[in-house]
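Structure at a glance
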Amino acid sequence: MRRRLSPTGFPSTLLARIAAAGLAAWTAGAIVPADAAHALAPKPAAEASDGSIPQDSIVAVINGTVLTRRDVDNRGRLFALSAGLNLTDDLMARLRPQIVRQLIDERLRQQEMLSRHINVPPEQIAASIADIERRNNMPHNALRDHLAADGISLTTMIDQIRVQLGWTQVLREEMGSRGRTTAAEIAQREEALRHEDGKSQYLMSEIFIPVDDARHSEDELKFTQTIIQELRNGAPFPIVAAQFSQSQTALEGGMMGWVQEDSLDPEVVAVARAMPEGAISNPIRVAGGYVIATLNGRRVIGHQMGTLLTLRQAYLPFTTPLNPQAPSEQQRAMLQQAQQLAASAHSCADLEAANHRYGDKRPANPGELQLERINPQMQQILANLPPGQASHPLVSGDGIAVLMVCARQQKNFAQQTPSEIADQLMNERVEQTSRQLNRDLRRRAVIDIRSKG
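Residues numbered from 1 in each chain as written. Predicted model: local features only at pLDDT ≥ 70, side-chain atom pairs only at ≥ 80, totals over all residues. Heavy atoms only, no water.

**Things to note about the sheet that holds strand β5 (residues 284-286)**
Put simply, the rule reads: Strands are treated as partners if at least two bridges between them are detected by DSSP. By definition, any uninterrupted DSSP run of H or I lasting at least four residues is a helix, any uninterrupted run of E lasting at least two residues is a strand, and each is numbered from the N terminus. Axis lines are fitted to C-alpha atoms, over the contacting stretch for helices. Their N-to-C directions set the angle, which ranges from 0 to 180 degrees.
Reading across from one edge, β4-β3-β6-β5 is the order of the 4 strands in this open sheet, with antiparallel pairing throughout. Each edge of the open sheet is held by one strand with a lone partner, namely β4 (255-260) and β5. Ignoring which end each strand starts from, the neighbouring axes of this sheet average 45° apart. Note: strand β3 (residues 200-210) against β4, 5 bridges, orientation antiparallel. Along β4, the bridge assignment pairs Tyr-202 with Val-259.

Put into structure tokens, the structure is as follows:
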């Protein structure tokens, strides 16, 4: 099976998910030896007097490590919070079997990390969380507060991020010398792309749900259908992918980047050719499991002219959420200052300095952007904005932004650089290595499943 990853480089630390701060107190849990599992693990608890199952009841024992119903329910609540869903009993019942499987895989990965003496320091997790907050325009510690308000254990989020970050280190060790691409390999891929000039290429995202036993895939199919229903009801694809996809693309919210047909499973190609942009596919049966795909764009290999923008922004934050019918004095003052800034700023350096004065609540440099991929409302603002001229103030619920185009150029976005090709080659190897190592860990493991939740 040929797997695909977005050409963003390895390893990735961008986790498109809700997380929790307050990490200094975290300590790794002890691993019980496998041969002592049955002796040391508590027995399954009986039902409570009201018929409910106690939170401490054992769902599975993985090489001596106990997985409880509380672990499973916390992960379900985390998913619901991050995706903005109402976690009903029916939805949780449909999610639970796959959550159990995912948590078992995470326990196996965690044990492999420990066996290799790989430790992810709290500072690295905290940095990832801060990046998530920054990219989602959230105040510092907002993620922690969201979790606390919904009664979700901080450890649930911390452990999930820690395992994902540590797993990339495991894969780097496992790959060894294969963790580098040669000039000859890059040249070979360049030559292959030249032969495919004029063929279709797709900008896709995926959620991969593995199937252990191809003869009995009813649970995985039912779970895949549940996820598709939630996606079509508005659940954000990147967050769902980050929570449930078992591909390494989960680290990028499922984003695969631009891929050509010969890099995709034939079953996925057939769907990609027919599906409209933005649609969510039905379950796609591929070797090893099911794929849920969404198409973000299509182009012809070697041909995609567009406009590349370099921007700067200054963001003036509100201290309280905006009520358009009754703005506060602070909000009125921010609007006046934003208007003055828009009139007085004459360079991108001016906007960077202003953004710093207002606390750098959003990055002054949002990075290079393709005009055609920005939402239509923002396209209208930026399309005719001359370089070096500030935009009018753009008011949102939590602040005001002033933008400036620093540079504008026409570019063929379909031409991959050698660096992008190297990243794509490396990500393909990472995915293959991850799949193989996951299979090996499961084959060697002693897993006692008491209940699916």
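**Considerations on the pairing of strand β2 (residues 65-68)**
As paired strands, strand β1 (residues 58-62) and β2 are joined by 4 bridges and run antiparallel to one another. Each bridged residue has a counterpart across the sheet, and for Ile-62 the counterpart in β2 is Thr-65. Between β1 and β2, which follow one another and run antiparallel, lie 2 residues, and Asn-63 among them has a positive phi close to 50°.

**As for the environment of Arg-75**
This is how the line gets drawn: Residue exposure (1.4 Å probe, protein chains only): buried if accessible area is under 20% of the type maximum, exposed if over 50%, otherwise partly exposed.
Of note, Arg-75 is situated in helix α2 (residues 69-83). Exposure remark for Arg-75: the relative accessible area of 3% places this residue in the buried category. Measuring from C-alpha to C-alpha, the distance between Arg-75 and Gln-243 comes to 8.9 Å, with 168 residues separating the pair along the chain.

**Overview of the nonpolar core**
Worth spelling out the cut-off: Note on terminology: a nonpolar core comprises buried Ala, Val, Leu, Ile, Met, Phe, Trp, Tyr and Cys residues joined through side-chain atoms within 4.5 Å. By the convention used here, residues are in contact when the closest approach between their heavy atoms is within 4.5 Å.
Core analysis: the largest hydrophobic core is formed by 55 residues, its most contacted members being Ile-207 and Ile-227. Beyond its immediate stretch of four places on either side in the chain, Ile-227 contacts Phe-79, Leu-95, Ile-207, Val-240, Phe-244 and Ile-292.

**Details of the confidence of the model for the chain**
In regions of low pLDDT, the predicted coordinates are not meant to be interpreted in detail. Where we set the bar: Confidence of the predictor in every single residue is expressed as pLDDT, which spans 0 to 100.
The share of residues in the chain with pLDDT of 70 or more is 84%, and the mean pLDDT across the chain is 80. Across residues 1-50, confidence stays below pLDDT 50; counting only partners more than four residues off in sequence or on other chains, it has 150 contacts.

**Quick look at the packing of aromatic side chains**
Which entries qualify depends on this criterion: Think of it this way: a Phe, Tyr or Trp ring, Trp meaning its six-membered ring, pairs with another when their centres are within 6.5 Å, and the plane angle makes it stacked under 30 degrees, edge-to-face over 60, tilted otherwise. A ring has a charge above it when a Lys NZ or an Arg CZ is no more than 6 Å from the ring centre and no more than 35 degrees off the ring normal.
What the rule picks out here adds up to 2 aromatic pairs. Seen in terms of ring centroids, Phe-223 and Phe-244 are 5.2 Å apart; in terms of plane orientation they differ by 75°. Their pairing is edge-to-face. With Phe-223 in helix α8 (residues 218-232) and Phe-244 in helix α9 (residues 237-244), this pair connects stretches of sequence that are 21 residues apart. Across this residue pair, the class does not change: Phe-223 and Phe-244 are buried. Ring-pair connections join several aromatic residues into one group, and the members of that group are Phe-79, Phe-223 and Phe-244. Above the ring of Tyr-290, the side-chain terminus of Arg-285 is found at 4.9 Å from the ring centroid. Over the ring of Phe-208 we find Arg-435; its NZ or CZ atom is 3.8 Å from the centre of that ring.

**What to know about the pairing of β1**
Among the 5 residues of β1, 5 are classified as buried, and the element is accordingly described as predominantly covered. Where β1 and strand β11 (residues 447-449) come together, 3 bridges link them in antiparallel fashion. Note that in β11 the partner of Val-61 across the bridge is Asp-448.

**Remarks on helix α10 (residues 266-274)**
Heads up, the condition is: In this context, the arc is that of the directions from the helix axis out to the C-beta atoms.
By the burial criterion, the buried members of α10 are Val-268, Val-269 and Ala-272. Angular distribution of buried residues about the axis of α10 spans 100°; they occupy a single face of the element. Every exposed residue of α10 that faces more than 90 degrees away from the buried side is listed here: Pro-266, Arg-273 and Ala-274.

**Some details on the side chain of Gln-243**
Tracing the chain through its elements places Gln-243 in helix α9. With relative accessibility at 1%, the residue Gln-243 sits in the buried group.

**A look at the packing of helix α3 (residues 89-115) against helix α6 (residues 154-175)**
Operational definition: Roughly parallel means an angle under 35 degrees; roughly antiparallel, over 145; roughly perpendicular, 65 to 115; everything else is oblique. The hand of a helix crossing depends on one turn: near helix anticlockwise from the far one by less than a right angle means left-handed, and clockwise means right-handed.
Their axes nearest at 9 Å, the elements α3 and α6 cross at an angle of 55°. By the angle between their directions, the pair α3 and α6 is classed as oblique. Relative to α6, the crossing made by α3 is left-handed. Here Gln-102, Glu-106, Arg-109, Gln-110, Glu-112 and Met-113 of α3 lie close against α6, whose contacting residues are Gln-160, Arg-162, Val-163, Gly-166, Trp-167 and Val-170.

**Regarding the sheet that holds β1**
On the basis of which strands lie adjacent, the open sheet formed by 3 strands has the order β2-β1-β11 and antiparallel pairing. Edge positions in the sheet fall to β2 and β11, since each of these pairs with one other strand and no more. Between one strand axis and the next, the sheet turns by 15° as a mean value, whatever way the strands run.

**Comments concerning the pattern of salt bridges**
Our working definition: By definition, a salt bridge exists where a carboxyl oxygen of Asp or Glu is found within 4 Å of a side-chain nitrogen of Lys or Arg.
Within the structure shown, the criterion is met by 19 salt bridges. Close ionic contact of Asp-73 with Arg-69 constitutes a salt bridge, the shortest N to O distance being 3.5 Å. Separated by 4 residues within a single helix, Asp-73 and Arg-69 lie in helix α2, roughly one turn from each other. For the pair Asp-73 and Arg-69, a shared accessibility class is recorded, and that class is buried. One salt bridge in this structure joins Glu-112 and Arg-116, with 2.7 Å as the shortest N-O distance.

**Concerning the environment of Glu-230**
Here Glu-230 shows up in helix α8. What makes Glu-230 buried here is its relative accessible area of 9%. Distance from Glu-230 to Leu-85, taken between C-alpha atoms, is 8.2 Å for residues 145 residues apart in sequence. Apart from residues no more than four positions distant in its own chain, Glu-230 is found in contact with Leu-85, Leu-91, Arg-94 and Ala-235.

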